[in-house]
Amino acid sequence: MNKSIAVKLARLCERLDELDRLLAAENATSNIENYRKLSREHAEISPIVSLYSEYEKCEEDIVVAQEMMSDPSTREFGESELRQGRERLAEISSELQKLLLPKDPNDERNLFLEIRAGTGGDESAIFAGDLFRMYSRFAERNRWGVEIISQSSSDAGGYKEIIAKVTGHGAYSKLKFESGAHRVQRVPETETQGRIHTSACTVAVLPEAEELDEVVLNPAELRIDTFRSSGAGGQHINKTDSAVRITHLPTGIVVECQDDRSQHKNKAQAMSVLAARIRAKQVAEQQSKQAAERKSLVGSGDRSERIRTYNFPQGRVTDHRINLTLYKIDEIMDGDLFELTGALMAQHQADMLAAMSEEVRLG
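Residues numbered from 1 in each chain as written. Predicted model: local features only at pLDDT ≥ 70, side-chain atom pairs only at ≥ 80, totals over all residues. Heavy atoms only, no water.

1. Structural notes on the overall build of the protein
So, step 1. Scanning the protein from terminus to terminus reveals nine helices and eleven strands.
So, step 2. For the protein, the computed accessible surface area is about 20,400 Å², with 48% contributed by carbon and sulfur atoms. (Helix = DSSP H or I, 4+ residues; strand = E, 2+ residues; numbered from the N terminus. Areas by Shrake-Rupley, 256 points an atom, 1.4 Å probe, with all protein chains shown as cover.)

2. Structural notes on empty space enclosed by the protein
So, step 1. In this structure the tally under the stated criterion is one cavity of 30 Å³ or more.
So, step 2. Empty space within the largest cavity amounts to approximately 30 Å³.
So, step 3. In this structure, the largest cavity is lined by Leu-113, Phe-132, Tyr-135, Ser-136, Ala-139, Val-146, Val-166 and Leu-175.
So, step 4. With four residues, helix α4 (residues 122–141) is the largest single contributor of residues to the lining of the largest cavity.
So, step 5. Residue composition of the lining of the largest cavity, by class: seven nonpolar, one polar and no charged. (1 Å grid on protein atoms, 1.4 Å probe; cavity = no way out; pocket = protein on both sides within 12 Å on 5 of 7 lines; lining within 4 Å. Points joined across faces, edges and corners; volume = space filled by probe spheres on them. Nonpolar A, V, L, I, M, F, W, Y, C, P; charged D, E, K, R; others polar.)

3. A few points about α4
Along an α-helix, a turn takes 3.6 residues, which lines up residues three or four apart on a common side.
So, step 1. Here α4 is 20 residues long and its end C-alpha atoms lie 29 Å apart, about the 28 Å a rise of 1.5 Å per residue gives.
So, step 2. Phi turns positive one or two residues past the end of α4, at Arg-143, with a value near 60°. (Expected span 1.5 Å × (residues − 1).)

4. Comments concerning the pairing of strand β7 (residues 243–248)
So, step 1. Judged by how many residues are buried, β7 sits mostly within the fold: five of six residues are covered.
So, step 2. Here strand β6 (residues 222–227) pairs with β7 via six bridges, running antiparallel. Counted as the bridge partner of Thr-226 is Val-244 from β7.
So, step 3. Where β7 and strand β8 (residues 253–257) come together, five bridges link them in antiparallel fashion. Paired with Arg-245 across the strands is Glu-256, a residue of β8.
So, step 4. The hairpin turn running from β7 into β8, its antiparallel successor, is four residues long, and Gly-252 in that turn takes a positive phi close to 80°. (Buried < 20%, exposed > 50% of the residue type's maximum accessible area, 1.4 Å probe, protein only. Pairing = 2+ DSSP bridges.)

5. Considerations on the sheet that holds strand β4 (residues 180–186)
So, step 1. Spatially, β2-β3-β1-β5-β4-β9-β10-β11 is the arrangement adopted by the eight strands of the open sheet, whose pairing is mixed. A single partner strand is all that each edge strand has here, and the edge strands are β2 (145–153) and β11 (324–326). Geometrically, the sheet is characterised by an average inter-axis angle of 15° between neighbouring strands, direction not taken into account.
So, step 2. Examined bridge by bridge, β4 and strand β5 (residues 197–207) share seven bridges and lie antiparallel to one another. Across the sheet, residue Gln-185 finds its bridge partner in β5, namely Thr-198. (Axes fitted to C-alpha atoms, helices over the stretch in contact; angles between N-to-C directions.)

6. Some points on the sheet that holds β7
So, step 1. Ordered by their spatial adjacency, three strands build an open sheet running β6-β7-β8, and the pairing between neighbours is antiparallel. Both edges of this open sheet fall to β6 and β8, since each of them pairs with a single strand only. Along the sheet, successive strands turn relative to each other by an average axial angle of 15°, direction set aside.

7. Quick notes on the nonpolar core
So, step 1. Membership of the largest hydrophobic core comes to 35 residues, with the highest contact counts inside it found for Leu-111, Leu-113, Ile-115, Leu-131, Met-134, Tyr-135 and Tyr-310.
So, step 2. The set of elements that each furnish at least two residues to this core consists of β1 (111–117), α4, β3 (159–167), α5 (171–175), β5, β11, α8 (329–333) and α9 (338–362). (Core = buried A, V, L, I, M, F, W, Y, C linked by side-chain atoms within 4.5 Å.)

8. A few points about the environment of Ala-125
So, step 1. Residue placement: Ala-125 occurs in helix α4.
So, step 2. Each C-alpha atom of the pair Ala-125 and Ser-199 lies 9.2 Å from the other, and the pair is 74 residues apart in sequence.
So, step 3. For Ala-125, the contacting residues outside a window of four places in its chain are Ala-117, Ser-154, Gly-157, Gly-158, Tyr-159 and Lys-160. (Contact = heavy atoms within 4.5 Å.)

Now the structure itself:
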C-alpha cells in the first residue's frame, strides 16, 4: 500500500476513536445538530476503518502463510493460503481506494432538470417531450418524485422548454452526467419520403441548493415581474397576474414560473430555480479556475457537447463519452437508464482513481 494512503487510513482510525468518545459523552446530545453531524461522520468513516482492519489481518495471514512454506509438511497448504491472501489483499486495497475517493457533496440532493429544444424545429421539440418522458419513467422506477416547474409547449407536440424538479434519494448522483447535447436520428411522422432527420436537445441537471442561504440573493439585485399566464387554466388563470419572472441583474439569469395559480408559490419556485442556476454558475466558474484539473471522460457538462445519440432506425443509443452503444432504444426511451447511468458512474470512478494514482506517483 502506498505510504500516503496508509497515513490517511491511520488518521481515519484515530478520528473514529475520537468520534466514539465524543458520541459516548454525557453531554453528546446537548447540541442536536452537532450530534447529527458527528453521527454522519461516524457512519462514513466506520466502513473504511473496518475494511482497513481486514486489510491488516490479511497482511498478518500472509506472513503466517510464508512461515508455513518453510516447513515441507505445510508447504503446499502455505502456498495455497499465500495465493488466496494476496488475491484478497489486492481486492481490499482496490475497495479502500474507492472508499477514499472524495465524495460529491451534491450526490444526495434533489435536482432541477431542464430540457430545451435545439436544432431541428418541431422534431426537436417532440424529442424534448420524449426525453422528459424518458427521465420521468426513470424517476418512477427509482420511486422519485417529479414536479413540473415551468413548461413551454410546442404546437407540434413536445416542448420548446421544460423545467422539472426531481426529488428522491440519490437522484443527482444518477442523473448528473446527463447534462449536454442529446441528438436524435429518426424519420419524423410528417416526413412523406421516409428521410431520416437529425435534431437535438440540450439537457441541464442542476443540484438543488440545500438552503437559499447557500446563494446570497440580494433583493436589490432582483427584478421581479408578474404577468398573466399564457398556459391553460380557464378563466381564473387568465384574469390573474399569477405568473412570475425573476431577473438576477448581476448575472442576467432569468427564471419564469407560471404553472401554479398562486403567485406566491410561483415566486417561491422561481427563487429556488434561480438559486440553483446561480449556484451552478458559481461552481462552473470555480472549476474553470482549476486549470490543473484533468478533464473527466464523462464530460464537463457543457451544453454544446454532444454526449449521446438516439438512432431509431438502427434501434441503438450511443453515449459518445464512454463509447457505449446499446441496442435497446425502446427500453431506454421507456426509462430503463440503469445500464447507461451505471456505466457513466463506473467510468467516472475509474477516472478519479486514475487521477488519484497519478497524484500518488508524482507525490
